[in-house]
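The lines below spell out each chain.
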Amino acid sequence: TIPLQHGAHRIGNRTDADMQRWRDLRFGQFIHWGVYAIPGGMWDGKVYNGAAEWIRSWKEMPHEAYDQLYKQFNPVKYNPADWAQQAKNMGAKYMIITTKHHDGFCLWPSKYAKYTIANTPYKKDILGPMVEAYNKAGIDAYLYFSIIDWNHPDWRTSIKSPADSMAMARFKVFVKNQLKELLDRYPTVKGFWFDGTWDESWKNDGAFSDELEQYLQQLHPGLIIGSRLRADEKGARHFDSNSRLMGDYEQGWERKLPNTIADVHGNDWEGVMTVPENQWGYHQQWFGHVKSANELIEMLVKSASLNGNFVLNFGPKPDGTFRTEEQELMRNIGRWMQVNGSAVYGTGYAGLEKPDWGYYTRKTGTDTVYMVVCNVPVNGNLRVKLPAKQSIAKAWALEQPGVALQPELVSRDEYFIPVEQKVYTSPLVIVMKLEQQQRGQGNFEKAKT
Ligand SMILES: Cc1ccc([C@@H]2N[C@@H](C)[C@@H](O)[C@H]2O)cc1
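Now for a quick tour of the structure.

How each quantity is defined
- Residues numbered from 1 in each chain as written.
- Predicted model: local features only at pLDDT ≥ 70, side-chain atom pairs only at ≥ 80, totals over all residues.
- Heavy atoms only, no water.
- Helix = DSSP H or I, 4+ residues; strand = E, 2+ residues; numbered from the N terminus.
- Buried < 20%, exposed > 50% of the residue type's maximum accessible area, 1.4 Å probe, protein only.
- Polar contact = N/O pair within 3.5 Å; in protein donor to acceptor, adjacent residues only side chain to side chain.
- Salt bridge = Lys/Arg side-chain N within 4 Å of Asp/Glu carboxyl O.
- Pairing = 2+ DSSP bridges.
- Axes fitted to C-alpha atoms, helices over the stretch in contact; angles between N-to-C directions.
- Phe/Tyr/Trp six-rings, centres within 6.5 Å; stacked < 30°, edge-to-face > 60°.
- 1 Å grid on protein atoms, 1.4 Å probe; cavity = no way out; pocket = protein on both sides within 12 Å on 5 of 7 lines; lining within 4 Å.
- Points joined across faces, edges and corners; volume = space filled by probe spheres on them.

### Remarks on the side chain of Asn309
Relative to the elements of secondary structure, Asn309 occurs in strand β10 (residues 308-314). Exposure remark for Asn309: the relative accessible area of 0% places this residue in the buried category. Within the local environment of Asn309, its side chain forms a polar contact with the backbone oxygen of Trp22, the two atoms lying 3.1 Å apart. Within the structure, the side chain of Asn309 is placed 2.6 Å from the side chain of Arg26, a separation counted as a polar contact.

### Focus: the pattern of salt bridges
Evaluated as defined, the whole model comprises 26 salt bridges. Across the pair Lys77 and Asp319 runs a salt bridge whose closest N-O atoms are separated by 3.8 Å. Linking Lys77 in the loop between α2 (63-66) and α3 (80-90) with Asp319 in the loop between β10 and α9 (324-340), this pair joins segments that are 242 residues apart in sequence. Lys77 gets classed as exposed once you look at its relative accessible area, which sits at 52%. Here Glu325 ties to Arg323 by a salt bridge, and the two come within 3.2 Å at their closest N and O atoms. Taking relative accessible area as the criterion, Arg323 reaches 6% and is therefore assigned buried. Several salt bridges share partner residues, and in doing so they unite Arg10, Arg14, Asp16 and Asp248 into one network.

### Topic: the sheet that holds strand β16 (residues 408-411)
Spatially, the 3 strands line up as an open sheet ordered β14-β17-β16, and their pairing is antiparallel. Edge positions in the sheet fall to β14 (381-385) and β16, since each has one partner strand and no second. On average, adjacent strands in this sheet sit at an angle of 35° to one another, irrespective of strand direction. Across 3 bridges, the pairing between β16 and strand β17 (residues 414-418) is antiparallel. Each residue of the ladder has a partner; that of Leu409, found in β17, is Tyr415.

### A word on the packing of aromatic side chains
A complete count under the given rule lists 26 aromatic pairs for this structure. Seen in terms of ring centroids, Trp33 and Tyr78 are 5.1 Å apart; in terms of plane orientation they differ by 40°. Their pairing is tilted. Of this pair, Trp33 sits in the loop between β1 (27-31) and β2 (42-43) while Tyr78 sits in the loop between α2 and α3, and the two are 45 residues apart along the sequence. Each of the two residues, Trp33 as well as Tyr78, counts as buried. Between the aromatic rings of Phe105 and Tyr115, the centroid separation amounts to 5.4 Å while the plane-to-plane angle is 75°, which identifies the pairing as edge-to-face.

### Focus: the layout of surface pockets
In this structure, the largest pocket spans a volume of roughly 510 Å³. Forming the boundary of the largest pocket are 24 residues, of which Glu399, Lys422, Tyr424, Leu428 and Val429 lie nearest the centre. Of all the secondary-structure elements, those providing two or more residues to the lining of the largest pocket are α8 (293-305), α9 and β18 (428-436). When residues in the lining of the largest pocket are grouped by element, the largest group, 5 residues, is from α9.

As C-alpha cells, then:
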C-alpha cells in the first residue's frame, strides 16, 4: 500500500452506537429547497432541461437575474410541523436538508454571509423550526452542505495564481466558520451530507478535507459524514489511493443503486434518489419517467437487502408546500411502510442467494428473514435456496401472523413456498424463521419422489 497522510484513517465500518442507529434507520427523506424553487426550472417562458437547482448555470438565466431572486423568497405556507408529519407518515426515520446548495443561498441567518434567509422577505430561520419539528416527530436530522459556493467571491474551482491561493484560504476559513455555526445552532443534528467537492481546488487539498472532517468530529463526536467530503493527498475521492473508503459510508450512489452485495465491498453505503429522472429542486414540469410508489418501495427494500440506506428526495415549492405528486407518494409509500416497515427497519443483507421473485432482508443479528415479493412467479411457488445445513423453522405472511405457511422441501436445502395467485397492488412480505438443520432433510416432509 501507498503511505498516505490523508487517506482513510479506519479500515472497515464504524462499530459505534451512532453508526448502528444510522444503519437501523434505513429510510431517509432528502429535501432540496432554496431560491431555485422560485423559477422552478423555467425562465422567461423557456423550460430548463437540466436539474432545477442548477438553473443559475443555464445560459438562459442571467446570473444577475438569479442573484436577485432571493428578494422574492417568502414561503408563507411553510409549516415544518406539517412537513415532519408527512415524512413520519411516509415512514422516513431521518431527513437531510439543504442548508446551502451550490448557489450559496443559506436557509439559516448565517453571520458569515449576506446571501441568507435573513435578507429575504421571510426573514426568519428556516432550519431551526425544521430540525425541531422533525426531531419532535422522531426523525433524525442531517445537514446537506455544498462546498461549492457560486455566490462567495473567494470560491475557486481551481488555483491558478497566488491570489487564488489567498482567496481559497479565506474561503476555507469561511467554510469552517459556517459548519461550526450550523453545529452550534442545531446541536441535535446527527451528521453532514457534503456535496460539491469535485473541483480541483478541493480535490487537490486532501489535507484540508481531512483536517475539516477531524475538526467536525472533535466539535461534535459521533457525527456521521459520508465519503464525498474527502480527497486524499493524491486527489483520490471517496476511496483513497489504497482503495480504502474514506468517511463513514459510501456516498457515491446518487440516482443509482448497487445490484449485488459484491458491488458494496462490505462498506456501509447510502443511495439517494429523485422521484423524476433528475430533479432535486422544485421543477414546474416533471418530464421523463416519474417513479411510482411501488418502484420506490422496491428500491428501498433492495437497498436494505444490500446493507444500505435509501433516501428519497423532495423538492418543495417556493410557497413552502410539497407538490401534490409528492404528497401522494408520501401517503402511498407510508401505507405500505405502516404494515411492512419491519422488513426494512433494522435489517440488512440476509446472506442468501438473490431470488428472482424479489429480495431477502434479515433483522440484524437474528434468524428472522423477510421475503419481499415484487415479482409473483406464475408457477405459484416462491423458491427459497438456503445455505447448507439451514432450514425453515416457520414461515408466515407478515399480514397473517397466525397462519403458518407450509414450505415444501423440493431438494436439498431448497424449498417452495406457495404464494396465492391474485392481483397484488404492492409488494407482499413473508417472514421466515431459519434454524440450523435438524437431523434428516429439514422440518417439512420430503418432496414426493
Ligand atoms: C453533476 C452533478 C453535480 C451535482 C449534483 C447535486 N448532487 C445532488 C444530491 C443534488 O444536490 C445535485 O444538484 C448532481 C450532479
